Amino acid sequence: MTMASNRFQSGEMVMGRWPGSSLYYEVKVLNFNSNTQLYTVIYKDGTELELKEVDIKRVSGFRQSGGRSRSRSRSPSRRRSRSRSPGRVTRRSTSRTMETRKDARKEPKVKEVQEVRLSPVEKPVENNSNNKHDKKEENDTTNRVSEKSEAESESNRIGVRYNLRPRKEEVGTKVMEPEEVEKKVAERLRERKVSVERSTELEFGGRIGAFFMIFLLPTITVILLLMCSQKDPSLMNFPPALPSLDAVWDVQVFGLVVLWFFFQALLYLLPVGKVVEGLPLRSGKRLKYRINGFYAFILTALVLGVAHYQGVDLSYIHANFLQFSVSAMILSVLLSLYLYVRSCWVPQEDLAPAGNSGNVIYDFFIGRELNPRIKSFDLKYFCELRPGLIGWVVINMSMLVAEMKIQKLDAPSPAMMLVNGFQLLYVADALWNEEAILTTIDIVHDGFGYMLAFGDLVWVPFTYSLQSFYLVNHPSALSLTWLVTIITLNLIGYFVFRKANSQKNAFRRNPADPKLSHLRTIPTATGKSLLVSGLWGFVRHPNYLGDLIMALAWSLPCGFSHILPYFYIVYFTCLLIHRDARDEKQCRRKYGSAWNEYCRQVRYRIFPGIY
């Protein structure tokens, strides 16, 4: 039904029908979208939904038409025996909309109108907690939420906009199969015009913060490398001396960086590995991704092994480390400029929710286009795990060779071996579980711009390898007891990290699995459940805790002479605390009173007994 103007005003208290039922509850109108002709309303338990005008009645008129409005004006979470969650669609509807009544006068009466329920499509989903820390703005509570299926959650949202009941002429002759309904919903989603509103909630300090971050990130990277290359990397020697132009730029090094980027792109295009679908976009379509990152990792190792056997000196990376980092910075800027320019010609529905503020600097930093692709080549997905993450391991190996050469060792030092081994395990785990990245906020929500491009190509490989770079010129002796202690600490961190993700993913795949019957949950008004048992009942982010324990184990082999090797864990702690604050805000808005109950049961966010 097309309306010239909205009938209900923002802030007005009205009676809204709960989707999938004939029950009405007292709600407050938040706003009206003139493009979709939908009202955003909020229930008493904090749940926000979008409703048609025909599903909204005025409080006065509703009370006059029926004497039971008072008992039904409570929030759905309080009257669970009388209402149904969005995940459960009623088999029979006893209510009629005004449009249906008008049509009923013209057409023969039908005794029963069936509503079609979408069958869940089970799809295992992984977490990206093992990927790059500085960029994976992942909503961990969403990860520990039981999602019955992507198709079902999509039907809950579209059910408000579209009538999923069969047409009256079809009733009694043919009932649509679940597969047919899923296909029909997908078609309507593709046909629907998606309007992207301007981004209003700006992050990272807004426009001014984004402007300074563009220059601050490269500056921090260069200062860290200059400090680490000094004979005495003490804070007392800050700031380091400015390098010469030759120490910063070299055409040959830049050519090697570009060659590395395209070599990994070639491995990405190899027709090996399975092809999977990502989560549904706002237009309803699902993009396809080839999962072959671990194969690319193995092939890269073989090529480097052959190169080393042929006499290629990997210590060249260490000798020109600053030049490699600057070349990677230039490549990331060029890529970011290309991404922003091409985003000016893409359809509105392809823009990212957070990168459409209208400010050039902010959108350039955050990223405007959600999934920029050159035919089937997904630029964001490729950069997330390939050139930077695999490059991190290559840099570590070059530092190992450089240490043996500079320190005149017959074998790498135990400290260097620990750092290389720990971080190699971490990267291999990320690539082995590559499919997990498809559910992260990087892929689903964030656009691909300077922030992610710089993080992928520069920040990860050149700051996460700081421990190995430090050990080349600042060897650290480790006793057997200290060696065993560090190894044990890393294993504990990895166990917590992997166990938390495995427990969460098993719960997401099949919440009704008998093996998970001992886990306790909290139901929410969205039809999902919050996991409050196991490691997820210990703290709200056990995977963050595991990450931090491993980060400490990576730094301890460097000793305690200087604080520089501990930059990573200090930075990462601040990052996770900031990310947790964003997560809390989003989840409280999404789950309402259920989230408050969850916080009451799981008091600590990351550190048990502390925070």
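Chains are numbered independently. Their residues run from 1 in the order of the written sequence. Whole-chain, interface and lining totals are the exception, using all residues; otherwise, since this is a predicted model, local features are given only for residues with pLDDT of at least 70 and side-chain atom pairs are given and counted only at 80 or more. Remark: hydrogens and water are excluded; side-chain values derive from all non-hydrogen atoms of the structure.

**Examining the overall build of the protein chain**
The helix and strand inventory of the protein chain stands at 23 helices and 11 strands. The buried label goes to any residue with under 20% of its type's maximum accessible area, the exposed label to any with over 50%, and the partly exposed label to all in between, with areas taken from a 1.4 Å probe on protein chains only. Within the protein chain, buried positions represent 53% of all 611 residues. Expressed as a percentage of contacts within the protein chain between residues at least 6 apart in sequence, the contacts between residues at least 24 apart total 76%. Where accessible areas are quoted, they stem from the Shrake-Rupley method and a 1.4 Å probe; at the residue level, only the protein chains shown are allowed to cover. Of the roughly 29,000 Å² that the protein chain leaves accessible, carbon and sulfur atoms contribute 60%. By definition, any uninterrupted DSSP run of H or I lasting at least four residues is a helix, any uninterrupted run of E lasting at least two residues is a strand, and each is numbered from the N terminus. A contact between two residues is defined here by any heavy atoms of the two lying within 4.5 Å.

**So, the environment of Ser327**
Position of Ser327 relative to the elements: it lies in helix 12 (residues 321-343). Along the chain, Ser327 and Trp249 lie 78 residues apart, while their C-alpha atoms are 7.2 Å from each other. Dropping the residues within four chain positions of it, Ser327 is found in contact with Trp249, Asp250, Val253, Phe254 and Val257.

**A short note on the sheet that holds strand 3 (residues 38-42)**
Where strands meet in a sheet, backbone hydrogen bonds hold them as pairs that are either parallel or antiparallel. In spatial order, the strands read 4-3-2-1-5; together these five strands make up an open sheet with antiparallel pairing. With one partner strand each, in any of the chains shown, strand 4 (48-51) and strand 5 (56-58) form the two edges of the open sheet. Each adjacent strand pair in this sheet contributes to an overall mean axis angle of 50°, direction not counted. Note on pairing: two strands pair once DSSP finds at least 2 bridges between them. Lines fitted to the C-alpha atoms define the axes, with helices restricted to the stretch that makes contact. Angles between their N-to-C directions range from 0 to 180 degrees.

**Examining the pattern of salt bridges**
Counted as salt bridges are all cases of a side-chain nitrogen of Lys or Arg within 4 Å of a carboxyl oxygen of Asp or Glu. Applying the stated criterion across every chain yields a total of nine salt bridges. The closest approach of N and O atoms between Asp313 and Lys405, which form a salt bridge, is 3.1 Å. Linking Asp313 in the loop between helix 10 (293-309) and helix 11 (315-319) with Lys405 in helix 15 (residues 387-406), this pair joins segments that are 92 residues apart in sequence. For Asp313, a relative accessible area of 36% puts it in the partly exposed group.

**Digging into the packing of helix 9 (residues 251-268) against helix 10**
Where helix 9 meets helix 10, the axes come as close as 10 Å, and the angle between the chain directions of the two elements is 130°. By the angle between their axes, helix 9 is oblique relative to helix 10. In the crossing of helix 9 with helix 10, the sense of the turn from one axis to the other is right-handed. Counting all contacts with helix 9, which are made through Trp260, Phe263, Gln264 and Leu267, the residues of helix 10 involved are Ala296, Leu299, Thr300 and Val303. Considered class by class, the residues forming the contact of helix 9 with helix 10 number six nonpolar, two polar and no charged. Each angle gets one of four labels, with under 35 degrees taken as roughly parallel, over 145 as roughly antiparallel, 65 to 115 as roughly perpendicular, and the rest as oblique. By definition, turning the near helix anticlockwise from the far helix through less than a right angle yields a left-handed crossing, and turning it clockwise yields a right-handed one. The residue classification treats Ala, Val, Leu, Ile, Met, Phe, Trp, Tyr, Cys and Pro as nonpolar and Asp, Glu, Lys and Arg as charged. All others, Gly included, are polar.

**Thoughts on the UniProt feature "transmembrane region" (unreviewed entry) in the protein chain**
Annotation from UniProt places "transmembrane region" (unreviewed entry) at residues 208-227, 247-270, 291-309, 321-341, 448-471, 477-497, 518-539 and 559-578. Segment residues 247-270 splits into 83% helix and 0% strand. End C-alpha atoms: 36 Å apart. Along residues 291-309 one finds 89% helix and 5% strand; the C-alpha atoms at either end are 30 Å apart. UniProt positions are given in the numbering used here, feature names are shortened, and annotations may be inferred rather than shown by experiment.

**Side note on the confidence of the model for the protein chain**
A residue's pLDDT is the predictor's confidence in that residue, given on a scale from 0 to 100. Predicted confidence across the protein chain gives a mean pLDDT of 77, with 74% of residues reaching 70 or more. Low pLDDT, under 50, characterises residues 65-175; the stretch is placed with 265 contacts to residues that sit more than four places away or in other chains. Counting contacts from residues 188-196, a segment whose pLDDT is below 50, to residues more than four positions away or on other chains yields 22 contacts.

**Here we look at the packing of aromatic side chains**
Aromatic rings from Phe, Tyr and Trp, taking only the six-membered ring of Trp, are treated as a pair when their centres fall within 6.5 Å; an angle between ring planes under 30 degrees marks them as stacked, one over 60 as edge-to-face, and anything in between as tilted. Overall, the coordinates contain 41 aromatic pairs when judged by the stated rule. Centre to centre, the rings of Trp459 and Phe567 are 6.2 Å apart; their planes meet at 65°, and the pair counts as edge-to-face. Taken together, the residues Trp459 in helix 18 (residues 450-463) and Phe567 in helix 22 (residues 567-591) connect sequence positions 108 residues apart. For Trp459, a relative accessible area of 5% gives the class buried. Judged by relative accessible area, which is 22%, Phe567 ranks as partly exposed. Ring centres of Phe567 and Tyr571 lie 6.0 Å apart, and the angle between their planes is 10°; this geometry places the pair in the stacked category. Remark: Tyr571 and Phe567 occur in helix 22; sequence separation between them is four residues, near one turn of the helix. Through a chain of ring-to-ring contacts, the aromatic side chains of Trp392, Tyr426, Trp459, Tyr464, Tyr494, Phe497, Trp554, Phe567, Tyr568, Tyr571 and Phe572 assemble into a single cluster. A ring is considered to have a charge above it if a Lys NZ or an Arg CZ atom is located within 6 Å of its centre and within 35 degrees of its normal. Geometry around Tyr289 places Arg373 over its ring, the cationic atom sitting 4.9 Å from the centre.

**Comments concerning unusual backbone geometry**
Here Phe238 and Pro239 are connected by a cis peptide whose omega angle stands at 0°. Here Pro239 lies in the loop between helix 7 (206-228) and helix 8 (245-248). The phi angle at Lys375 is positive, at roughly 60°, despite the residue not being glycine. You can see Lys375 is positioned in the loop between strand 8 (373-374) and strand 9 (377-378). The exposure class assigned to Lys375 is exposed, which follows from its relative accessible area of 81%. We note that Lys408 has phi near 55°; this positive angle belongs to a residue other than glycine. Inspection of the secondary structure puts Lys408 in the loop between helix 15 and helix 16 (414-432). The exposure class of Lys408 is exposed, given its relative accessible area of 70%.

**Description of the packing of helix 7 against helix 18**
For any two helices packed against each other, one specifies the inter-axial angle together with the distance between the axes. With their axes 11 Å apart at the nearest point, helix 7 and helix 18 run at an angle of 5° to one another. Taken together, the axes of helix 7 and helix 18 lie roughly parallel to each other. Here Met213, Ile214, Leu217, Pro218, Ile220, Thr221, Leu224 and Leu225 of helix 7 come into contact with helix 18, specifically with Tyr450, Phe454, Val458, Trp459, Phe462 and Thr463. Taken together, the residues of the contact of helix 7 with helix 18 break down into 12 nonpolar, two polar and no charged.

**Some remarks on the pairing of strand 2 (residues 24-33)**
Sheet topology note: the strand 1 (residues 13-17)/strand 2 ladder contains five bridges and is antiparallel. The residue of strand 2 that forms the bridge with Gly16 is Tyr25. Of the strand pairs in this sheet, strand 2 and strand 3 are connected by five bridges, and their pairing is antiparallel. Its bridge partner being in strand 3, Val29 is matched across the sheet by Val41. In sequence, strand 2 turns back onto strand 3 through a hairpin of four residues, with Gln37 there showing a positive phi of about 60°.

**Comments concerning the nonpolar core**
Counting residues in hydrophobic clusters, the biggest one holds 104 residues, and the most contacted among them are Phe321, Tyr381, Leu389, Trp392, Phe448 and Phe572. Buried residues of nine kinds, namely Ala, Val, Leu, Ile, Met, Phe, Trp, Tyr and Cys, make up a nonpolar core once their side-chain atoms join them within 4.5 Å. Of all hydrophobic cores here, the second largest spans 13 residues; its members include Val14, Val27, Leu49 and Ile56.

**Describing a nonpolar patch on the surface**
Patch building starts from residues that exceed 30% relative accessible area and form no salt bridge, then joins like charges within 9 Å and nonpolar side chains (Val, Leu, Ile, Met, Phe, Trp, Tyr) within 5 Å. Taken together, Leu245, Trp249, Val251, Ile330, Val333, Leu334 and Leu337 make up a surface patch of nonpolar side chains, about 630 Å² in accessible area. In terms of residue count, helix 12 provides more of the nonpolar patch than any other element does, four residues in total. Position of Leu337 relative to the elements: it lies in helix 12. Taking relative accessible area as the criterion, Leu337 reaches 43% and is therefore assigned partly exposed.

**Side note on the environment of Leu370**
Mapped onto the secondary structure, Leu370 falls in the loop between helix 13 (360-366) and strand 8. On the accessibility criterion, Leu370 (7% relative accessible area) is buried. When near neighbours in sequence (up to four residues on either side) are disregarded, Leu370 contacts Leu281, Asp350, Leu351, Ala352, Lys380, Ile443, Val444, His445, Asp446, Gly447 and Phe448.

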